[in-house]
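Close look at the chain arrangement
Single-letter residue listing:
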Amino acid sequence: MAILITGGAGYIGSHTAVMLLEKGFDIVICDNFSNSSNDVIEKIKKITGKDFNFYNIDLRSKSDIDHLFQTEKIDSVIHFAALKAVGQSVQKPLYYYENNLCSTINLLHIMDNHHVKNLIFSSSATVYGDKATPPYKEDSETSATNPYGQSKIMIERMLEDLHHSDDSWNIISLRYFNPLGAHSSGLIGENPQGIPNNLLPYIAQVASGKLPELKVFGNDYDTPDGTGIRDYIHVCDLAEGHIKALMKLKGSPGYDVYNLGTGKGASVLELISAFENANGIKIPYTITERRPGDTPLSIADVEKAEKELDFKATRTLQDMCRDTWNFQKSL
Ligand code: NAD
Ligand code: UD1
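In this text, all values refer to a predicted model and were calculated from it rather than measured experimentally.

**Some words on the overall build of the protein**
Looking only at helices and strands, the protein features 11 helices and 14 strands. Taken over the C-alpha trace, the protein has a radius of gyration of 19 Å; the compact-globule value for 331 residues is 20 Å, and the two agree within 12%. Seen along its three principal axes, the alpha-carbon backbone of the protein occupies a region of about 55 × 45 × 40 Å. Here the protein, with 331 residues, has 54% of them falling under the buried criterion. Long-range contacts, defined here as pairs at least 24 residues apart, represent 80% of the contacts in the protein between residues at least 6 apart. Entry remark: accessible area of the protein is about 14,500 Å², with carbon and sulfur atoms responsible for 48%.

Here you go:
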């Protein structure tokens, strides 16, 4: 029996695939490469020395998903596939709702038809929106400030409803905080198309000379140095969180939600310093206007994941900066 990884050629999916293979799980990956490429599949095989089946399918096609489930023996699904650019979701809401919601509904129908009812869903800290007070607990109020975030809230609700209607479904929604870093091999990592929206990918491109300088979006927040604070978590810690969640699904079924973060925050200026110290490269920056939609502070309450999943992130900010740069240099 295999674990299906949707969106497994993407940033978090590829790291989770490597870890699952290294721990001896059988996997199948599907992806439509809308935000990734085929060489990632080859790199996962190279890192692990293991083989697996890959399907180049779009989850908006129910018949393609059905074909996969008819061909493979799937036991559980980790559902990463989604579009994730916040700004683009505001410009193209229907595209986002169609891709993220329809794909998930199709997948759930086919899983149901094939009696596969174990699911881990990639949710996001973005569901805490702008109403809850950090550190965010899993039962903090959720709200969305954009269609991307709305799609995550809607899917979480749908999964909860599904479990209520049929308690043989075992589902965990994992709310990731800010993933950073890359695999230590330098073969896989985050490689955004165009100009990066997120902080560390932007810093890495400044370090490589692709971009001239970083713009720090505001230094007048109510935080110790005035810049925004986030809970950054190494992508390999996140991958481990998925394995812990899989164990929980098997041992104690039901529907549940967990934060995956470190419980500690770092400011924009602290991340710049960590990158400079880890890699010995100076990052030029200027302070500019706040970015619309940004919150001053986002930090996870990690108690529930620690207690119930036995999950604790161990990698440091320095590790994240070193591994990101190691990957960036290989591009
Ligand atoms: P990613 O874009 O690198 O990976 C997503 C993958 O899904 C891509 O390879 C893409 O080609 C694929 N995909 C998208 N739509 C598809 C479809 N209709 N059919 C088949 N494949 C499709 O993103 P990521 O950073 O690895 O994120 C994975 C998941 O985690 C997403 O659901 C994202 O919303 C969520 N998440 C990401 C972050 C983050 O900062 N990276 C934070 C919180 C939550
Ligand atoms: C962004 C998304 C969020 C998503 C998350 C992880 C927005 C408004 N929010 O959040 O929905 O879940 O990524 O993918 O896009 N910063 C700079 N200069 C830059 C880039 C960022 O100063 O060039 C600052 C930001 O103001 C913020 C911090 O760095 O304080 C982190 O930004 P980013 O990496 O984009 O993550 P989030 O803001 O958490």
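That shown, we press on.
**Let's talk about the pairing of strand 11 (residues 255-260)**
Both faces of the sheet carry side chains from a regular strand, because those side chains alternate between them. Most of strand 11 sits inside the fold, with five of its six residues counted as buried. Bridge count for strand 6 (residues 170-176) against strand 11 is six bridges, and the pairing is parallel. Counterpart to Y176 in the pairing with strand 11 is L260.

**Thoughts on the site of ligand 1**
For ligand 1, the set of nearby residues contains 28 residues, the closest of which are D31, N35, S36, K84 and Y148. Side-chain polar atom of N32 to a nitrogen atom of ligand 1: 3.1 Å apart, as the coordinates give it. A distance of 2.8 Å separates an oxygen atom of ligand 1 from a polar atom in the side chain of K84. Going through the elements one at a time, helix 1 (11-22), helix 5 (93-113), strand 5 (118-124) and helix 6 (147-165) are the ones with two or more residues in the shell around ligand 1. Here the shell around ligand 1 takes three residues from strand 5, the largest share from any one element.

**What about the sheet that holds strand 3 (residues 53-56)?**
In spatial order, the strands read 3-2-1-4-5-6-11; together these seven strands make up an open sheet with parallel pairing. Single-partner strands in this sheet number two, and they are strand 3 and strand 11. Put simply, the sheet's adjacent strands are angled 20 degrees from each other on average, direction ignored. Inspection of the sheet shows strand 4 (residues 74-79) paired to strand 5 by three bridges, in the parallel sense. Along strand 5, the bridge assignment pairs V77 with L119. Docked against the sheet, helix 8 (residues 235-251) engages strand 1 (2-6), strand 4, strand 5, strand 6 and strand 11, running at close to 160 degrees with respect to strand 6.

**Some words on the sheet that holds strand 9 (residues 229-230)**
If you walk across this open sheet you meet the three strands as 12-9-14, and the pairing is mixed. Across the chains shown, the open sheet's two edge strands, defined by having one partner strand only, are strand 12 (266-267) and strand 14 (297-298).

**Things to note about the packing of helix 7 (residues 199-207) against helix 9 (residues 268-279)**
Pairs of packed helices are described in terms of their axes, by the angle between the two and the distance that separates them. Between helix 7 and helix 9, the least distance of the axes is 11 Å, while the angle of their chain directions is 45 degrees. By the angle between their directions, the pair helix 7 and helix 9 is classed as oblique. Where helix 7 crosses over helix 9, the two elements pack in a sense that is right-handed. Contact with helix 7, carried on its side by L199, L200, I203, A204 and A207, involves V268, L271, I272 and F275 of helix 9 and no other residues of that element.

**Some remarks on helix 2 (residues 38-48)**
For helix 2, the complete set of buried residues consists of V40, I41, I44, I47 and T48. Around the axis of helix 2, the buried residues are gathered within 130 degrees of arc, so they sit on the same side. Where the residues of helix 2 are buried, they touch helix 1, strand 2 (27-31) and strand 3. A positive phi of about 65 degrees marks G49, the residue just after helix 2.

**Quick look at the pattern of salt bridges**
Enumeration over the complete set of coordinates arrives at 21 salt bridges. Measuring nitrogen to oxygen at the nearest pair gives 3.1 Å for the salt bridge that ties D323 to R322. Here D323 falls in the buried class, since its relative accessible area comes to 7%. Linked by salt bridges that have partners in common, D112, K117 and D166 make up one network.

**Focus on the nonpolar core**
By size, the foremost hydrophobic cluster in this structure holds 40 residues, and its most contacted members are I5, L20, I27, I29, I44 and L174. Residue assignment for this core shows that the elements contributing at least two residues are strand 1, helix 1, strand 2, helix 2, strand 6, helix 8, strand 11 and helix 10 (303-309). Among the elements that line this core, the one with the most residues is helix 8, at eight residues. Among all residues touching I29, those that are not within four sequence positions of it are L4, I5, G8, A9, A17, I41, I44, F52, N53, F54 and Y55. Judged by nonpolar contacts, the second largest core, of 26 residues, contains V28, L59, M111 and L159.

**Comments concerning the site of ligand 2**
Around ligand 2, the surrounding shell holds 18 residues, and the nearest of these are K215, F217, R230, R291 and D294. Residue K215 places a main-chain N or O atom 2.7 Å away from a nitrogen atom belonging to ligand 2. For ligand 2, the accessible surface in isolation is 740 Å², of which the surrounding protein chains cover 86%. Residue assignment for the shell around ligand 2 shows that the elements contributing at least two residues are helix 7 and strand 8 (214-217). When residues in the shell around ligand 2 are grouped by element, the largest group, four residues, is from strand 8. Its residues placed into classes, the shell around ligand 2 shows eight nonpolar, six polar and four charged. Counting the residues that make up the shell around ligand 2, at least three belong to each of domain 1 (2-180 + 233-260) and domain 2 (199-230 + 263-298 + 314-330).

Rules used throughout
Residues numbered from 1 in each chain as written. Chains lettered and ligands numbered in written order. Predicted model: local features only at pLDDT ≥ 70, side-chain atom pairs only at ≥ 80, totals over all residues. Heavy atoms only, no water. Helix = DSSP H or I, 4+ residues; strand = E, 2+ residues; numbered from the N terminus. Rg over C-alpha atoms; globule rule 2.2 N^0.38 Å. Buried < 20%, exposed > 50% of the residue type's maximum accessible area, 1.4 Å probe, protein only. Contact = heavy atoms within 4.5 Å. Areas by Shrake-Rupley, 256 points an atom, 1.4 Å probe, with all protein chains shown as cover. Pairing = 2+ DSSP bridges. Near = heavy atom within 4 Å. Polar contact = N/O pair within 3.5 Å; in protein donor to acceptor, adjacent residues only side chain to side chain. Axes fitted to C-alpha atoms, helices over the stretch in contact; angles between N-to-C directions. Parallel < 35°, antiparallel > 145°, perpendicular 65-115°, else oblique. Left-handed = near helix turned anticlockwise from the far one by under 90°. Arc of directions from axis to C-beta. Salt bridge = Lys/Arg side-chain N within 4 Å of Asp/Glu carboxyl O. Core = buried A, V, L, I, M, F, W, Y, C linked by side-chain atoms within 4.5 Å. Nonpolar A, V, L, I, M, F, W, Y, C, P; charged D, E, K, R; others polar. Domains from an automatic or database assignment.

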